[in-house]
Amino acid sequence: MFERRDVWKLGSEADPWDPILQWYARAISELKGRPRTNPTSWRYLAAIHGTGIARSEWPQGATWQECQHDSWFFLPWHRIYLHYFERIVRRTIVDLSGPDDWALPYWHYSDSQRPDTRSLPPAFRRRQMPSGDPNPLFVSGRRQTINDGGRLDATDVETGAAMAEEFFAGPADPIAGFGGGVTGWNHSGGPRGSLENTPHGDVHVGVGGLNPPGLMSSFNTAALDPIFWLHHANIDRLWEAWLDQHNPDRRNPTRARWRDMSFKVGQGTQAVTLMVREVLDTTQPPLNYTYSDVSVPTLAPGAVLAARSEVASVFSEEGSVPEDEDLVSEMVGASEDRVPLGAEPTETEVAVEPPSGPALREEAEGARPRKIYLKVENVRGKELVAPKYFVYVNLPSGADPADHEGRRAGQVSMFGVLEASESDEEHSGSGSTFSFDITGVVQRLQEAGDWDPRRLRVTFAPARVDAERAGDVSAGRVSLYYA
Ligand code: C2O
């Protein structure tokens, strides 16, 4: 069994070079020396995730540009991809006469007891190896402040919203849940799962930045930053943590079209083809790994998010939760125009009608607790000005959003939005879609006498403006669902 360990426990600011990281660095130098056409080379491996190289110039049979995003395949695809990468690195280390039990460390940035872990682990910031050779774990294509040891924003690493999700996909098809909306083989469309949004997307852009965009900021370059693999090991670990909450609702989808989907990564003798169902237990072959710690990470500082799972229902007292396959949802309102997401906060209004379809029937039968979701649909653009937007519900007019964390519905991370806006063979061009469980927020608004069931105001506030440009991102519409 291989053990994936916490990178921040493998070294310190004063002494960053644990053997696990030294071997990782040496293996990367080796992979970088291999030609791009070699399926075990650094550049080939990164191109599996994404590449700007034209299809006509790909090596014969290349499995490039295949990362699954805005989809319920996001987690299993990246798990298979990491497994493939880890095997190649381990074999390379053995060939260099290193240990045969090397495993990818993970970057656990969400521990509020250890805020230093929001900084990039020191071995990734040093310009040189202890030998004096250039350090292959360092890349200049990151936000300067991150390479200088600055921390990611606390909101970039929040896990509360994701961990509080009750369903992997759903509760019904237009809603995302923890792991992503029900899609076919895809790069875009969504809706995007909570974990994929935050912390996943926020950490990408938090490391890479926007002005100019660093390697971690786009699909085509992300896997060229050695920290990518440790970030994804942590995302994979959070999947384990979510399942590990001793709550019967936390389980993987049972649908065959998820479990039987297979992905091929790499080519030649090293290629790996695995079905999703084969990678659901990491302790079994072919994966054979564990995480040194999968305890549930400290929840978000925002009381909103932490309290969310305690809210049973706004409408009904109790009920049993059926299989996610059976759940239904109903749209009860949507904004009329596109909503610009620029350098200033923007507000939009949603007129809400009482449910008249499936949500009403469900309610009459008292089938289960009711949930309310806010969807932000088809976020598209070609130029970003901010890495993400905080989304608030019914903010008092003229108020400073920061004073109203209790009204924060979620965050919209810009990672992947540009890619999802391009239409080509892999992308539909429809942009990215997000859904947020706002049941708890609505309940608080009701208690405060600030909830009008016919009308909702939604504010988008940029987290930090990273680029001095006009930008052209907008959301297609904002809608409200009862599920
Ligand atoms: Cu396929 Cu973190 O991205």
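Analysis parameters
- Residues numbered from 1 in each chain as written.
- Predicted model: local features only at pLDDT ≥ 70, side-chain atom pairs only at ≥ 80, totals over all residues.
- Heavy atoms only, no water.
- Axes fitted to C-alpha atoms, helices over the stretch in contact; angles between N-to-C directions.
- Helix = DSSP H or I, 4+ residues; strand = E, 2+ residues; numbered from the N terminus.
- Parallel < 35°, antiparallel > 145°, perpendicular 65-115°, else oblique.
- Contact = heavy atoms within 4.5 Å.
- Nonpolar A, V, L, I, M, F, W, Y, C, P; charged D, E, K, R; others polar.
- pLDDT = per-residue confidence, 0-100.

In this section: the packing of helix H1 (residues 19-33) against helix H3 (residues 74-95). Packing of H1 against H3 leaves a shortest axis separation of 9 Å and a crossing angle of 95 degrees. Our classification of the angle between H1 and H3 gives roughly perpendicular. On H3, the residues that touch Trp23, Tyr24, Ala27, Glu30 and Leu31 of H1 are Phe85, Ile88, Val89, Thr92 and Ile93. Among the residues making up the contact of H1 with H3, the classes are represented as 8 nonpolar, 1 polar and 1 charged.

Where the model shows low pLDDT, its predicted coordinates should not be examined in detail. Considering every residue of the protein, the mean pLDDT works out to 89; 90% of them sit at 70 or more. Here residues 300-325 is a poorly scored stretch, pLDDT under 50, and it has 64 contacts once near neighbours within four places are set aside; other chains count.

Cis rather than trans, the peptide bond between asparagine 211 and proline 212 has omega equal to -5 degrees. The topology assignment puts proline 212 in the loop between helix H6 (194-208) and helix H7 (227-243). Of the consecutive residues proline 285 and proline 286, the connecting peptide bond is found in the cis state with omega at 5 degrees. Assignment of secondary structure puts proline 286 in the loop between strand S3 (272-275) and strand S4 (289-291). Here the phi dihedral of aspartate 70 falls at roughly 50 degrees; this positive angle occurs in a residue that is not glycine. Structurally, aspartate 70 can be placed in the loop between helix H2 (42-49) and H3. The residue asparagine 378 is not glycine, and still its phi comes out positive at about 50 degrees. Considering the arrangement of structural elements, one finds asparagine 378 in strand S8 (residues 372-380).

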